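If you want the building blocks of each chain, they are given just below.
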Amino acid sequence: MNRLLAILMVLTLTLSVSAKSKIYDIKVKKGDGKEIRLKAYKRKVLLIVNTATRCGFTPQYDELEALYEKYHAKGLEILDFPCNQFGGQAPGSFEEIHAFCTGKFNIQFDQFDKIDVNGNDESPLYTFLKSEKTFEGFDMDDPMGKRMHQMMERRDKDYANNSDIKWNFTKFLVDRKGRVIARFEPTDKGEKLENAIKAALK
């Protein structure tokens with residue numbers, strides 16, 4: 001019985017470690033077209049965000065850069081993935097997007113090539129992230145949250161019942177062990193996001 005219990009514990013631990021480290025096996029494409037594995041960010045706290053340059057939420061680049069400057073030395077990395085799937089709000093080449101973001105918002109965090117985050121051509125990274133943290137709704141006490149809900153509902157009455165990314169500037173927080181610990185919708189308050197980052201960095 002003790003031997004069986006020990007085997008079960010080893011199997012459970014192996015599965016747990018495998019699930020946690022899976023993100024580090026995923027490849028992503030840099031702006032220059034070269035692929036890297038996310039293991040390059042092992043033991044870092046990751047904030048992964050799909051972005052757009054012509055969106056009402058685009059000013060969040062300022063907030064992201066402020067977080068990066070404040071917490072990068074403590075182990076925070078922000079991974080920016082431009083995506084043109086929502087209202088066509090990320091047009092242009094990677095070079096054009098990067099020039100806009102560095103010129104207007106002075107971003108210093110890592111920015112990757114454009115990707116899809118939903119659908120048949122979605123990035124494996126986002127398949128993984130969505131499987132770990134599903135959509136939990138917009139904050140209906142927030143006016144912008146209500147507006148997003150109404151907009152989504154007009155497009156799809158059943159929108160809330162799947163894990164798809166709903167819009168630009170959805171964020172996933174990954175801890176130092178590779179576990180996806182939180183998902184933030186674009187309407188979530190910056191204070192909520194920062195508090196989660198601070199807790200993950202401890």
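Residues numbered from 1 in each chain as written. Predicted model: local features only at pLDDT ≥ 70, side-chain atom pairs only at ≥ 80, totals over all residues. Heavy atoms only, no water.

Engineer: Help me out: how do you make sense of the packing of helix H2 (residues 60–71) against helix H6 (residues 190–201) in this one?
Structural biologist: In a pair of packed helices, the angle between the axes and the distance between the axes together describe the arrangement. It is at 12 Å that the axes of H2 and H6 come closest, and there the two elements cross at 25 degrees. Of the possible angle classes, the one that applies to H2 and H6 is roughly parallel. When you trace H2 past H6, the crossing you get is right-handed. Contacts between H2 and H6 pair Glu 63, Leu 67, Lys 70 and Tyr 71 from the former with Gly 190, Leu 193, Glu 194, Ile 197, Lys 198 and Leu 201 from the latter. When the residues that make up the contact of H2 with H6 are grouped by side-chain class, the tally is 5 nonpolar, 1 polar and 4 charged. (Axes fitted to C-alpha atoms, helices over the stretch in contact; angles between N-to-C directions. Helix = DSSP H or I, 4+ residues; strand = E, 2+ residues; numbered from the N terminus. Parallel < 35°, antiparallel > 145°, perpendicular 65-115°, else oblique. Left-handed = near helix turned anticlockwise from the far one by under 90°. Contact = heavy atoms within 4.5 Å. Nonpolar A, V, L, I, M, F, W, Y, C, P; charged D, E, K, R; others polar.)

Engineer: Looking at this model, I keep getting lost on the pattern of salt bridges. Mind explaining?
Structural biologist: Close approach of charged atoms allows side chains of opposite charge to pair. This model, assessed by the stated rule, comprises 7 salt bridges. Between Asp 142 and Lys 189 there is a salt bridge; the shortest N-O distance is 2.9 Å. One end of the pair, Asp 142, is in the loop between helix H4 (124–132) and helix H5 (143–155); the other, Lys 189, is in the loop between strand S7 (180–184) and H6, with 47 residues separating them in the sequence. Between Glu 185 and Arg 183 there is a salt bridge, and its shortest N-O distance comes to 2.9 Å. Among the charged side chains, a network of salt bridges with common partners joins Glu 122, Lys 130 and Asp 164. (Salt bridge = Lys/Arg side-chain N within 4 Å of Asp/Glu carboxyl O.)

Engineer: Explain unusual backbone geometry here, please?
Structural biologist: When glycine is set aside, most residues are seen to have a negative phi, and most peptide bonds are trans. The phi dihedral of Asn 106 is positive, around 55 degrees, even though this residue is not glycine. Counting through the fold element by element, Asn 106 comes out in the loop between helix H3 (94–105) and strand S5 (110–111). In the Ramachandran plot, Phe 169 falls in the positive-phi region, its phi being about 70 degrees despite a non-glycine side chain. Looking at the secondary structure, you find Phe 169 in the loop between H5 and strand S6 (171–174).

Engineer: I keep staring at the side chain of Glu 77 and nothing clicks. Help me out?
Structural biologist: As for its position among the elements, Glu 77 is in strand S4 (residues 76–82). No salt bridge is formed by the buried Glu 77. Its closest oppositely charged neighbour is Lys 44, at 4.6 Å. Not counting the four nearest positions on each side in its chain, Glu 77 is found in contact with Tyr 41, Lys 44, Val 45, Leu 46, Leu 47, Tyr 68 and His 72. (Buried < 20%, exposed > 50% of the residue type's maximum accessible area, 1.4 Å probe, protein only. Lys, Arg positive; Asp, Glu negative; His and termini not counted.)

Engineer: What am I meant to see in the environment of Tyr 61 here?
Structural biologist: Counting through the fold element by element, Tyr 61 comes out in helix H2. With a relative accessible area of 0%, Tyr 61 lands in the buried category. For the pair Tyr 61 and Lys 104, spaced 43 residues apart in sequence, the C-alpha to C-alpha distance is 9.3 Å. Setting aside residues no more than four positions away along its own chain, Tyr 61 makes contact with Thr 51, Ala 52, Asp 80, Cys 101, Phe 105, Ile 107, Phe 109, Gln 111 and Phe 169.

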